Amino acid sequence: MKSIKGITFIFASIAITLYAWISAGATRNITAGLALTTLSLTFMLATRVKLLEKWFNGIEKMYFYHKLMAVFSIILLVMHHKSKGFGLWSERIPARLGNIAIYLFISVVIVAYISKKLKYETWRWIHRIVFIAYIIGLWHGFTYSRKAFTSVNLMSLVIGVYAVLGIVSGIYIIFLYQKIGFKNNGKIVSVKRLNHDTTELEIELDKNFDYKYGQFAFIKIFQEGFEKAPHPFSISGGKGNKIFFTIKNSGDYTSDIYQNLKEGTKVKIDRAYGHMLLEKGKEKQIWIAGGIGVTPFISYIRENEKIDGNIDFYYAYTGEENAVHIDMMKQFAQKNPNFKLNLVDSKVSGYLNFDNYKLENDTTVFMCGPLKMMDNFATVFKKLNSNIELVYEGFKFK
């Protein structure tokens, strides 16, 4: 399990919190103590810090556990609320603060579930209410049980350490990340419409950009009418200070890119993310791309003339009008006999199927495309040969 370090970090945090509160004889409020720690973890897992990305084997895993910790925190807070029996307008101010924090948390969780109907920028600002609720919750704990927060013992140390980590993480996410995280400045030098819904951007940066084939990055576009929030897109090639992104029109923001984005527009990029590193695979590889999921594979094909090893590439799409860079792939296949290109148009030959595929042990399977497709193929491949290396990621930040 490649996320073992991250999972161990979560369990260790919970275990030390339990031990600290039990050893201090504060079991009556142990659910609140656990909630303070898990909320701190929730903020930490939203920071996109490189160390945590490594521990969790990708930020999509970090965001999964970020959401898990958020839900777990709400459950703990509701349990704490029920055990105390406080009404919303309790006579005690600390109790009022605690109730306000809980209702704010619950409100944001509800928003998270209806977020598909909201613009990303709106969702992002509403999400920040969690930090306000967290500060209110900390103040509730401090005013309600000042001794627990200020005594010199393991419990107060645990509370203090995780409170500082949570506050610092929250401040970084809300106020600092977009100011100090995006160190690569550039401009769009080319905007190409590859078909009826796909745009390819060529960006020239003020310095060389370090990435690996298969990774993605967050982009901020500074053009009037565009959201200010950064959005993630797979890197489709580039060397030195040039970088390409191939983007499908699949929402409000990407629709703006397809219809309105202009050459010369200034952009900022933070860094490359992702653990689907095509150069790290075994000598025998299988590449599977669904729709716009072809983008990370294009980065390798665009920037390399020859390959080492053997690659079977399956590119699945619905209608040739929805495919991109087929000519580039065919030219690459002609130059590289060990690169076997399989174009699968579902309108012509049906959907891609691997039910009876022969998988050798020393094989790495890389996949990128719709998450449901990748999960289904992963299940099939594990049944066919559990010894293969299976690498895929599908990030979703709402």
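Residues numbered from 1 in each chain as written. Predicted model: local features only at pLDDT ≥ 70, side-chain atom pairs only at ≥ 80, totals over all residues. Heavy atoms only, no water.

What to know about the overall build of the chain
Link 1 in the chain: Tallying secondary structure elements over the chain gives 14 helices and 11 strands in all.
Link 2 in the chain: Taken along the three principal axes of its C-alpha coordinates, the chain extends 75 × 50 × 40 Å.
Link 3 in the chain: Counting over 398 residues, the chain shows a buried share of 54%.
Link 4 in the chain: Across the chain, the fraction of contacts at a sequence separation of at least 24, relative to all contacts at a separation of at least 6, is 74%.
Link 5 in the chain: Of the roughly 20,000 Å² that the chain leaves accessible, carbon and sulfur atoms contribute 57%.
Link 6 in the chain: For the chain, the distance from the average position of its 50 positive side-chain charges to the average position of its 32 negative side-chain charges is 11 Å. (Helix = DSSP H or I, 4+ residues; strand = E, 2+ residues; numbered from the N terminus. Buried < 20%, exposed > 50% of the residue type's maximum accessible area, 1.4 Å probe, protein only. Contact = heavy atoms within 4.5 Å. Areas by Shrake-Rupley, 256 points an atom, 1.4 Å probe, with all protein chains shown as cover. Lys, Arg positive; Asp, Glu negative; His and termini not counted. Charge placed at Lys NZ, Arg CZ, Asp CG, Glu CD.)

Topic: the side chain of D345
Link 1 in the chain: Of note, D345 is situated in strand 9 (residues 339-345).
Link 2 in the chain: Here D345 occupies a buried position and makes no salt bridge, while the nearest side chain of opposite charge, K347, is found at 6.5 Å.
Link 3 in the chain: Excluding residues that lie within four positions of it along the chain, D345 makes contacts with Y317, T318, G319, E320 and G350. (Salt bridge = Lys/Arg side-chain N within 4 Å of Asp/Glu carboxyl O.)

Side note on the sheet that holds strand 9
Link 1 in the chain: Read across the open sheet, the five strands follow the order 9-8-7-10-11; overall the sheet is parallel. Lying at the two open borders of the sheet, with one neighbouring strand each, are strand 9 and strand 11 (389-392). Each strand axis lies, on average, 15° off the axis of its neighbour in the sheet, ignoring direction.
Link 2 in the chain: Of the strand pairs in this sheet, strand 7 (residues 284-290) and strand 8 (residues 310-317) are connected by seven bridges, and their pairing is parallel. When the sheet's bridge partners are listed, I286 is paired in strand 8 with D312.
Link 3 in the chain: Each of strand 7, strand 8, strand 9 and strand 10 (363-368) is contacted by helix 11 (residues 295-303), which is oriented at about 130° to strand 7, the strand it contacts most. (Pairing = 2+ DSSP bridges. Axes fitted to C-alpha atoms, helices over the stretch in contact; angles between N-to-C directions.)

Focus: the pairing of strand 11
Link 1 in the chain: With four bridges connecting them, strand 10 and strand 11 associate as parallel partners. Within strand 11, the residue paired with M367 across the bridge is Y392.
Link 2 in the chain: Handedness of the strand 10-helix 14 (residues 371-384)-strand 11 crossover: right-handed. (Right-handed = clockwise from strand over helix to strand, strands pointing away.)

Notes on the confidence of the model for the chain
Link 1 in the chain: Across the chain, pLDDT averages 89, with 92% of residues at or above 70.
Link 2 in the chain: When pLDDT is averaged over each helix and strand of the chain, the minimum, 69, is found for helix 5 (residues 93-113) and the maximum, 98, for strand 2 (residues 198-205). (pLDDT = per-residue confidence, 0-100.)

Considerations on the pattern of salt bridges
Link 1 in the chain: Evaluated as defined, the whole model comprises seven salt bridges.
Link 2 in the chain: In this structure, the salt-bridge partner of R271 is E53, at a minimum N-O distance of 3.0 Å. Within this pair, whereas R271 is found in strand 6 (residues 266-273), its partner E53 is found in helix 3 (residues 50-56), the two being separated by 218 residues in sequence.
Link 3 in the chain: On the basis of relative accessibility, which here comes to 10%, the residue E53 falls in the buried class.
Link 4 in the chain: The partner of E60 in a salt bridge is K61, with the nearest N and O atoms 3.7 Å apart.
Link 5 in the chain: For K61, a relative accessible area of 28% puts it in the partly exposed group.

Thoughts on helix 9 (residues 154-180)
The α-helix advances 3.6 residues per turn, and as a result positions three or four apart in sequence lie on the same side.
Link 1 in the chain: The largest bend in helix 9 amounts to roughly 50° and is located at I173.
Link 2 in the chain: Where helix 9 starts, the residue carrying a side-chain oxygen 3.2 Å from the main-chain nitrogen of M155 turns out to be N153. (Bend = angle between axes of the 7 residues up to and from the residue. Polar contact = N/O pair within 3.5 Å; in protein donor to acceptor, adjacent residues only side chain to side chain.)

Thoughts on the sheet that holds strand 2
Link 1 in the chain: Judged by pairing direction, the barrel is antiparallel, and its six strands sit side by side in the order 1-2-5-4-3-6 before closing back on the first. With strand direction ignored, the average angle separating the axes of adjacent strands in the sheet is 45°.
Link 2 in the chain: One ladder, built from seven bridges, connects strand 1 (residues 184-193) with strand 2; its direction is antiparallel. Within strand 2, the position partnered with R193 by the bridge is T199.
Link 3 in the chain: Sitting on the sheet, helix 11 is in contact with strand 2, strand 4 (231-237) and strand 5 (242-248), with an inclination near 30° to strand 4.

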